[in-house]
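Chain by chain, the residues:
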Amino acid sequence: MKINIQSLAVAGVRSLQPYQPGKPLEELEREYGISNAVKLASNENPLGPGKKALAAIGQQLGELSRYPDGNGFSLKKALSKKHGVNMDQLTLGNGSNDILEFLARAFVAVDDEVIFSEHAFAVYPIVTQAVGGRAVVVAAKDYGYDLDAIAVAVSDKTRLIFIANPNNPTGTWLTEKALRDFLEKVPAQVLVVLDEAYYEYAIDPALSACGYTSVMSWIKDYPNLVVTRTFSKAYGLAGLRMGYSVSHADVADILNRVRQPFNANSLALAAAEAALDDEAHLRHSVKLNAEGMQQLTQAFEQLGLDYIPSVGNFVCVKIGDAAGVYEALLHAGIIVRPVANYGLPDYLRITIGRADENARFLDALKKILPA
Ligand SMILES: *Cc1c(COP(=O)(O)O)cnc(C)c1O
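Residues numbered from 1 in each chain as written. Predicted model: local features only at pLDDT ≥ 70, side-chain atom pairs only at ≥ 80, totals over all residues. Heavy atoms only, no water.

Asker: Can you help me understand the sheet that holds strand β13 (residues 347-351) in this one?
Answerer: Note on sheets: strands pair through backbone hydrogen bonds, and any given pair is parallel or antiparallel. With respect to topology, 4 strands assemble into an open sheet ordered β9-β10-β13-β12, the strand pairing being antiparallel. Edge positions in the open sheet fall to β9 (307-308) and β12 (337-338), since each of these has one partner strand only. Pairing between β12 and β13: 2 bridges, direction antiparallel. Each residue of the ladder has a partner; that of proline 338, found in β13, is leucine 348. Contacts from helix α12 (residues 279-302) reach β9, β10 (314-318) and β13 within the one sheet, and its direction differs from that of β10 by about 10°. (Pairing = 2+ DSSP bridges. Helix = DSSP H or I, 4+ residues; strand = E, 2+ residues; numbered from the N terminus. Contact = heavy atoms within 4.5 Å. Axes fitted to C-alpha atoms, helices over the stretch in contact; angles between N-to-C directions.)

Asker: Would you mind showing me how to read the pairing of strand β8 (residues 243-246) here?
Answerer: The side chains of a regular strand alternate between the sheet's two faces. Along β8, one buried face is formed by Gly243 and Ser245 and the opposite face, lined by Tyr244 and Val246, is buried too. Bridge count between strand β2 (residues 90-93) and β8: 4 bridges; the pairing is antiparallel. Bridge assignment links leucine 92 to a residue of β8, and that residue is tyrosine 244. Relative to β8, strand β7 (residues 225-230) runs antiparallel, the two being bridged by 4 bridges. Looking at the pairing, threonine 228 lines up with serine 245 of β8. (Buried < 20%, exposed > 50% of the residue type's maximum accessible area, 1.4 Å probe, protein only.)

Asker: Would you mind showing me how to read the environment of leucine 160 here?
Answerer: Checked against the element boundaries, leucine 160 lands in strand β5 (residues 158-164). Here the alpha-carbon distance between leucine 160 and valine 108, two residues 52 residues apart in the chain, equals 7.6 Å. Residue contacts for leucine 160: discarding those within four places in its chain leaves Leu103, Ala104, Val108, Glu113, Val114, Ile115, Val190, Leu191 and Val193.

Asker: Would you mind showing me how to read the side chain of asparagine 313 here?
Answerer: Relative to the helices and strands, asparagine 313 resides in the loop between β9 and β10. Of the polar contacts made by the side chain of asparagine 313, one reaches the backbone oxygen of asparagine 43; its length is 3.0 Å. For asparagine 313, the contacting residues outside a window of four places in its chain are Asn43, Glu44, Tyr198, Tyr201, Asn289, Ile350, Thr351 and Ile352. (Polar contact = N/O pair within 3.5 Å; in protein donor to acceptor, adjacent residues only side chain to side chain.)

Asker: Whenever I open this one, the site of the ligand confuses me. Can you help?
Answerer: Near the ligand the following residues occur: Gly95, Ser96, Asn97, Phe121, Asn168, Asp195, Ala197, Tyr198, Thr230, Ser232, Lys233 and Arg241. A distance of 2.6 Å separates a nitrogen atom of the ligand from a polar atom in the side chain of aspartate 195. Measuring from an oxygen atom of the ligand, one finds a side-chain N or O atom of arginine 241 at 2.6 Å. Its free accessible area being 390 Å², the ligand has 94% of it covered by the protein chains. A class-by-class count of the residues in the shell around the ligand yields 3 nonpolar, 6 polar and 3 charged. (Near = heavy atom within 4 Å. Areas by Shrake-Rupley, 256 points an atom, 1.4 Å probe, with all protein chains shown as cover. Nonpolar A, V, L, I, M, F, W, Y, C, P; charged D, E, K, R; others polar.)

Asker: Teacher, can you tell me more about the domain arrangement of the protein chain here?
Answerer: Interface size is commonly expressed as the accessible surface area that is lost when the partners come together. Domain annotation of the protein chain identifies domain 1 (10-39 + 280-368) and domain 2 (51-278). Taken over C-alpha atoms, the centre of domain 1 sits 24 Å from the centre of domain 2. Listed by partner, the interface residues are 28 residues for domain 1 and 27 residues for domain 2. The junction of domain 1 with domain 2 conceals about 2,400 Å² of combined surface from both sides, 67% of it contributed by carbon and sulfur atoms. Its largest share of buried area at the contact with domain 2, domain 1 owes to Leu282, Val311 and Tyr342, together 28% of the area lost on that side. Here domain 1 is connected to domain 2 by 0 salt bridges. Where domain 1 packs against domain 2, one counts 10 residue pairs in polar contact (both at pLDDT 80 or more). Per element, the largest residue contribution to the side of domain 1 that touches domain 2 is 7 residues, and it comes from α12. Of the residues belonging to the side of domain 1 that touches domain 2, the class tally is 17 nonpolar, 10 polar and 1 charged. (Domains from an automatic or database assignment. Buried area = accessible area lost by both parts, 1.4 Å probe. Salt bridge = Lys/Arg side-chain N within 4 Å of Asp/Glu carboxyl O.)

Asker: I keep staring at a nonpolar patch on the surface and nothing clicks. Help me out?
Answerer: Together, Met1, Ile3, Ile5 and Leu8 make up an exposed nonpolar region whose accessible area comes to about 540 Å². Looking at where leucine 8 falls in the secondary structure, it is placed in the segment before α1 (11-14). A relative accessible area of 58% places leucine 8 in the exposed class. (Patch = residues over 30% accessible without salt bridge, like charges linked within 9 Å, V, L, I, M, F, W, Y side chains within 5 Å.)

Asker: Mind showing me how you'd approach the pattern of salt bridges here?
Answerer: Any two side chains of opposite charge can pair, so long as their charged atoms come close to each other. The tally for this structure, following the rule as stated, stands at 15 salt bridges. A salt bridge links glutamate 44 to lysine 39; the nearest nitrogen and oxygen atoms lie 3.1 Å apart. On the basis of relative accessibility, which here comes to 33%, the residue glutamate 44 falls in the partly exposed class. Through salt bridges with shared partners, one network takes in Lys23, Glu27 and Glu31.

Asker: What's the story with the sheet that holds strand β6 (residues 191-195) in this structure? I'm lost.
Answerer: Spatially, β2-β8-β7-β6-β5-β3-β4 is the arrangement adopted by the 7 strands of the open sheet, whose pairing is mixed. Looking at which strands have only one partner, the edges of the open sheet turn out to be β2 and β4 (134-138). For this sheet, the mean inter-axis angle between neighbouring strands, taken without regard to orientation, is 20°. Bridge count for β5 against β6 is 5 bridges, and the pairing is parallel.

Structure follows, in structure tokens:
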């Protein structure tokens with residue numbers, strides 16, 4: 001008897017579309033026979049990790065035969081000091097994506113509803129569907145979140161609301177008043193997850209007029225509020241996988257029950273703690289990003305290209321034939337990110353690189369675009 005193995009998977013997983021990562025540099029160089037490619041596709045820090053993080057990793061190497069500290073005591077202590085929260089409010093993840101998955105596993109049963117926005121981060125639908133939850137996708141407003149419409153979409157089946165602030169891939173952000181009004185409206189039994197993966201870029205004093213705010217300090221007012229942060233972006237440690245959430249201690253207790261005992265590895269724990277203590281590298285990273293954002297957006301304006309104003313380390317530019325331009329850029333050794341799967345078929349998302357990388361992208365783009 002022949003069986004269809006795939007039909008054995010649980011319903012949510014059977015229909016799951018896997019996450020499409022940015023094309024790795026090595027893959028492009030192999031496939032196209034080129035060298036010196038530039039990757040501006042995955043919102044990575046173009047400076048790499050800081051010296052303190054690298055030194056901490058070096059010191060840990062001799063201990064790799066040991067299991068990591070499953071409670072991450074030392075990193076949690078540093079985070080609790082940084083954020084002024086108790087250690088029992090923290091949950092560590094193998095990347096903050098790990099936390100998003102804990103939230104779905106711990107709080108969403110089959111047919112429960114999870115709300116997120118159109119053009120939101122691709123991991124939200126994946127973690128929702130994997131547990132058999134029903135995704136309620138609310139239309140975006142000006143490429144950003146329509147918090148009024150999201151509040152209206154809440155039903156007695158709603159368990160979670162995912163909000164990225166700033167949002168990826170659009171780079172849009174939410175202001176203090178909009179968030180406060182929204183949190184006042186959401187029923188206390190619905191968890192609201194504020195994904196602040198790009199927080200460090202958005203709080204750049206140069207952007208203070210934009211009105212961005214973190215809600216980290218509001219957790220004491222809203223026990224249903226969960227804030228996630230990551231070391232993958234401004235801290236330059238994407239390859240190590242380290243993220244965390246801050247929440248009410250009762251939420252953290254639940255999240256820590258579904259967490260695997262050693263989900264955060266020892267190199268990541270040590271590097272993250274050292275990175276927290278490396279203000280200089282963080283400041284350098286954010287400054288380079290602000291300069292690169294200006295370099296790109298000024299060039300877009302000169303070229304007559306529309307873009308979505310962004311407070312992250314990436315920007316979506318309207319290209320028209322985005323798929324064709326993406327391919328042509330690959331041939332020129334430059335990887336950017338098509339965002340058709342985010343409902344933005346006319347756009348490409350460009351991660352801000354170093355000045356020389358941005359210039360190579362712009363030179364290639366000018367050659368590709370019709371004169
Ligand atoms: C990059 C990103 C993250 C971070 O994921 P990690 O698992 O911490 O690497 C989280 N949320 C959004 C919206 C992102 O773009």
